[in-house]
Amino acid sequence: MVATSYYEGFQGWRLVLCVTCIVSNLQILLVLGQYEGSNSGSTKFMTNYASSSDGQHFRILSNGQQVQLLLDEHSASGFVSKHKYMFGRIGMRIKLVPGNSAGTVTAYYLSSDTARHDEMDFEFLGNVSGQPYILQTNIYAGGKGQREQRIYLWFDPSADFHEYSVLWNRKQIVFYVDDTPIRMFKNNKAALGQDYPDSQAVGIYSSIWNGENWATNDGWVKLNWTYAPFIVTYEKFNVDACLALQHSSDPCIAATNGWWEESEYETLNFKDVERLNWVKENYVVYNYCTDRGRNPIRPIECDINIL
Ligand SMILES: *[C@@H]1O[C@H](CO)[C@@H](O)[C@H](O)[C@H]1NC(C)=O
Ligand SMILES: *[C@@H]1O[C@H](CO)[C@@H](O)[C@H](O)[C@H]1NC(C)=O
């Protein structure tokens, strides 16, 4: 009896192993297929992302096409991509916390998560009902950040989904809100010797957390838990980038055949320059480039980037 059940147990274990191996092979095929295709807009969220948040703080909706992060007194919440990427266009459609969202911070960012990390951030600072969100962006290269810019948006980001994305290649990084560029960062390595994110693949992260000590009117307006849970909704997990398999950046550094390497993406076109200037003139709340208190000497990249 003992021998038999041991044997059956053994078979069962083997079966489990095989299923696991088939499932993980399928996942790899799906991921590869998707990047050869070019738009992952209809791919299910869990194919590319994982969350360690529990069911009270992370929800999957619409047959896997949408997810929600929830913030309450008990916990913040987040998700992260299963893979790392380099260059291309990485974005997501986000509908921010409606109503009173003061003190909440929703972050959507790309990070190499290394000692001298590269990072590109979107951070949405909530507000009391009817008052505008602030979108803060930042760029780290080789571990150096402190390049915060803050803008108001020209729409209510909690009323509907909008796409927040980054175009990233060897020449420039451009942050977009839908089709409007809101920020650029040129590769100044050759000209100015400044670090540029071109050697490390990045993971895709999002989270919602309590930032009441600094977020709303510099920490004057505190988060009010009466309005919890604070819910942010995501859809269209748009990634069209080089996939760094096994988290190795080398194949992406070597590859030069991505569409994002084409000359039309090396600089902003006329329409984009016009749009970026429109944002600069009408929506900027804060710019590290003009903060003389913090930067008595204007950072060198500020003369080269429009905004
Ligand atoms: C919140 O609203 C106030 C008043 O309109 C505004 O000054 C502030 O910039 C808004 N945003 C944040 C995040 O505080
Ligand atoms: C939180 O919101 C509730 C409902 O509007 C209000 O009664 C309460 O005074 C608020 N708390 C704080 C600390 O502002």
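Given the structure is predicted, the values throughout are model-derived calculations rather than measurements.

**Observations regarding the overall build of the chain**
When helices and strands are tallied, the chain shows five helices and 16 strands. Per-residue burial over the chain gives 33% buried out of 307 residues. Of the contacts formed within the chain by residues at least 6 apart in sequence, a portion of 70% connects residues at least 24 apart.

**Looking at the pairing of strand 7 (residues 119-125)**
Looking down a regular strand, the side chains alternate between one sheet face and the other. Within strand 7, six of the seven residues are buried, which leaves the element mostly enclosed by the surrounding structure. Across seven bridges, strand 6 (residues 104-111) lies against strand 7 in antiparallel orientation. By the bridge assignment, Thr-106 is partnered in strand 7 with Phe-124.

**With respect to the environment of Asp-198**
Within the secondary structure, Asp-198 sits in the loop between helix 3 (189-192) and strand 13 (203-210). When the 19 C-beta atoms within 10 Å are taken as the criterion, Asp-198 is described as partly exposed. A sequence separation of 112 residues divides Asp-198 from Met-86, and the C-alpha atoms of the two residues are 8.1 Å apart. The residues contacting Asp-198, other than those within four sequence positions of it, are Arg-170 and Asn-187.

**Remarks on the site of ligand 1**
Around ligand 1 sit Leu-125, Asn-127, Gln-131, Pro-132, Ile-134, Ala-215, Thr-216 and Asn-217, and those are all the residues in its vicinity. Within the shell around ligand 1, the residues separate by chemical class into four nonpolar, four polar and no charged.

**Focus: the environment of Leu-96**
Mapped onto the elements of the fold, Leu-96 is located in the loop between strand 5 (84-95) and strand 6. Each C-alpha atom, one on Leu-96 and one on Thr-233, is 6.6 Å from the other, the two residues being 137 residues apart in sequence.

**Quick notes on the sheet that holds strand 9 (residues 149-151)**
Here we have eight strands laid out as an open sheet, ordered 1-4-13-6-7-8-9-16, and antiparallel in their pairing. Across the chains shown, the open sheet's two edge strands, defined by having one partner strand only, are strand 1 (49-50) and strand 16 (284-287).

**Topic: the UniProt feature "active site" (unreviewed entry) in the chain**
Listed under "active site" (unreviewed entry) in the UniProt record, and renumbered for this structure, are Glu-119 and Glu-123. Assessed through the 20 C-beta atoms surrounding it within 10 Å, Glu-119 is described here as buried. Those residues in contact with Glu-119, other than ones at most four positions away along the chain, are Tyr-109, Leu-110, Ser-111, Tyr-140 and Gly-145. The residue Glu-123 is located in strand 7 in this model. Once residues within four sequence positions are removed from consideration, Glu-123 is found in contact with Val-105, Ala-107 and Gln-136.

**Looking at the pairing of strand 15 (residues 239-244)**
Burial within strand 15 is extensive, with five of its six residues counted as buried. Summarising the sheet, strand 5 and strand 15 pair through six bridges and their orientation is antiparallel. Residue Tyr-85 lies in a different strand from strand 15, and its bridge partner there is Leu-243.

**With respect to the nonpolar core**
Buried together is how nonpolar side chains tend to be arranged in soluble globular proteins. The biggest cluster of nonpolar side chains holds 60 residues, and the ones touching the most others in it are Tyr-85, Met-86 and Val-166. For this core, the element with the most residues is strand 5, which contributes six residues.

**Some words on the confidence of the model for the chain**
Here the chain shows a mean pLDDT of 88. Residues at 70 or above account for 86%. Contacts for the low-pLDDT stretch residues 1-40, under 50 throughout, to residues beyond four places or in other chains number 14 contacts.

**So, the environment of Asn-282**
In this fold, Asn-282 is placed in helix 5 (residues 270-282). Asn-282 gets classed as exposed once you count the C-beta atoms within 10 Å, which come to 10. When the C-alpha atoms of Asn-282 and Ile-151 are compared, they prove to be 8.9 Å apart, with 131 residues separating the residues in sequence.

**Observations concerning unusual backbone geometry**
Going from Ala-228 to Pro-229, the amide bond is cis rather than trans, its omega being 0 degrees. Looking at the secondary structure, you find Pro-229 in the loop between strand 13 and strand 14 (230-235). If you check the backbone angles, Asp-113 has positive phi at about 55 degrees while not being a glycine. Examined against the element boundaries, Asp-113 turns out to sit in the loop between strand 6 and strand 7. Unlike most non-glycine residues, Gln-146 shows phi in positive territory, near 55 degrees. Residue classification places Gln-146 among the exposed residues on the basis of 12 C-beta atoms within 10 Å.

What counts, and at which threshold
Numbers given to residues run from 1 along each chain, matching the order in which its sequence is written. Think of it this way: whatever chain is written first is A, whatever ligand is written first is 1, and the rest follow in order. It should be noted that, the model being predicted, local features are given only for residues of pLDDT at least 70 and side-chain atom pairs only at 80 or more, the latter also being counted only at that level, while totals for whole chains, interfaces and linings use all residues. Helix and strand labels come from DSSP, where a helix needs a run of H or I of at least four residues and a strand needs a run of E of at least two; each type is numbered from the N terminus. With C-beta atoms placed from the backbone, a residue is buried if 20 or more other C-beta atoms are within 10 Å of its own, exposed if 12 or fewer are, and partly exposed between those counts. C-beta atoms are first placed from the backbone for all residues, and any pair lying within 7 Å is then listed as a contact. In this description, strands pair whenever DSSP reports at least two bridges between them. Here is the check we use: build the C-beta atom from the backbone, and if it is within 6 Å of the molecule or strand, call the residue near. All residues other than Ala, Val, Leu, Ile, Met, Phe, Trp, Tyr, Cys, Pro, Asp, Glu, Lys and Arg, Gly among them, are scored as polar; the first ten of these are nonpolar and the last four charged. UniProt positions are given in the numbering used here, feature names are shortened, and annotations may be inferred rather than shown by experiment. To count as a nonpolar core, a set of buried Ala, Val, Leu, Ile, Met, Phe, Trp, Tyr and Cys residues must be joined through C-beta atoms within 7 Å. Every residue carries a pLDDT, the predictor's confidence in it, which falls somewhere between 0 and 100.

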